[in-house]
Amino acid sequence: FPSHDRKGHKKSNERSDLEGVGRKNREREGVQNRIQFLQESVEEIAHKKKLRGEETSAAYADDIQTSGTVRQCLKTYEKILKEGPAFGVQLNESKTIIIVNENKIELTKRIIQESKFSKIQIQSEARNLGSLTGSQEAKDRFTKMQVMQWVNEIKALAKVGKNDPHFLHIVFTK
């Protein structure tokens, strides 16, 4: 890109900044679509298994999601410890998080202390495959932050669109 416009004024790097924003938006959209598909699939499976009183597990890349009672989750972790190495899978306790309701944290801590998984983290909210699992208040906070970020990105796009509307169109359609 030229560093000066036709009148000799120095041009900013808005165009390259915009390309980065457009690429991030496309990447985010793809990730969000995959996450939504996974969440819907996991929710459907989890509902069926919950009706039968079973734990639910799903894996995506190197993340494994398990839902059920704390004891059911611990059984799944034991299974991963035992059978996982044959598949190149291992449990990293220090990165393992059990997400429970705020009023269940103390009970969960006692159950974890009785198990062999003493390094597992216990939280009432946490990022989970790009989204947030936790209370409605926490999800609202998370969503508000995401929306604020998107608004700022749209403002940046609008600023560039004033000077180069065709480029803005390309960013959104390619």
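To be clear, the structure that these remarks concern was listed above.
It should be emphasised that the depicted structure is a prediction, and the values quoted were computed from it without experimental measurement.

K.L.:
Looking at this model, I keep getting lost on the packing of aromatic side chains. Mind explaining?
P.N.:
Each pair of aromatic rings is reported with the distance of its centres and the angle of its planes. Throughout the structure, instances matching the rule amount to one aromatic pair. Aromatic pair Tyr-77 and Phe-117: ring centres 5.9 Å apart, planes at 75°, arrangement edge-to-face. Residue Tyr-77 is located in helix H2 (residues 70-83), and its partner Phe-117 is located in the loop between helix H3 (105-114) and strand S4 (121-123); the two are separated by 40 residues in the primary sequence. On the accessibility criterion, Tyr-77 (7% relative accessible area) is buried.

K.L.:
Where do I start with the environment of Ile-97 in this structure?
P.N.:
In this structure, Ile-97 sits in strand S3 (residues 97-99). Considering only alpha carbons, one finds Ile-97 and Asn-128, 31 residues apart in sequence, at a separation of 9.8 Å. When neighbours within four sequence positions are excluded, Ile-97 is seen to be in contact with Tyr-77, Gln-121, Gln-123 and Ala-126.

K.L.:
Help me understand the environment of Gly-68 in this model?
P.N.:
Looking at the element boundaries, Gly-68 is found in the loop between strand S2 (63-67) and H2. With eleven residues separating them in the primary sequence, Gly-68 and Ser-57 have C-alpha atoms 9.0 Å apart.

Rules of the game
Residues numbered from 1 in each chain as written. Predicted model: local features only at pLDDT ≥ 70, side-chain atom pairs only at ≥ 80, totals over all residues. Heavy atoms only, no water. Phe/Tyr/Trp six-rings, centres within 6.5 Å; stacked < 30°, edge-to-face > 60°. Helix = DSSP H or I, 4+ residues; strand = E, 2+ residues; numbered from the N terminus. Buried < 20%, exposed > 50% of the residue type's maximum accessible area, 1.4 Å probe, protein only. Contact = heavy atoms within 4.5 Å.

Spatial relationships are all this shows, so hold off on functional conclusions.
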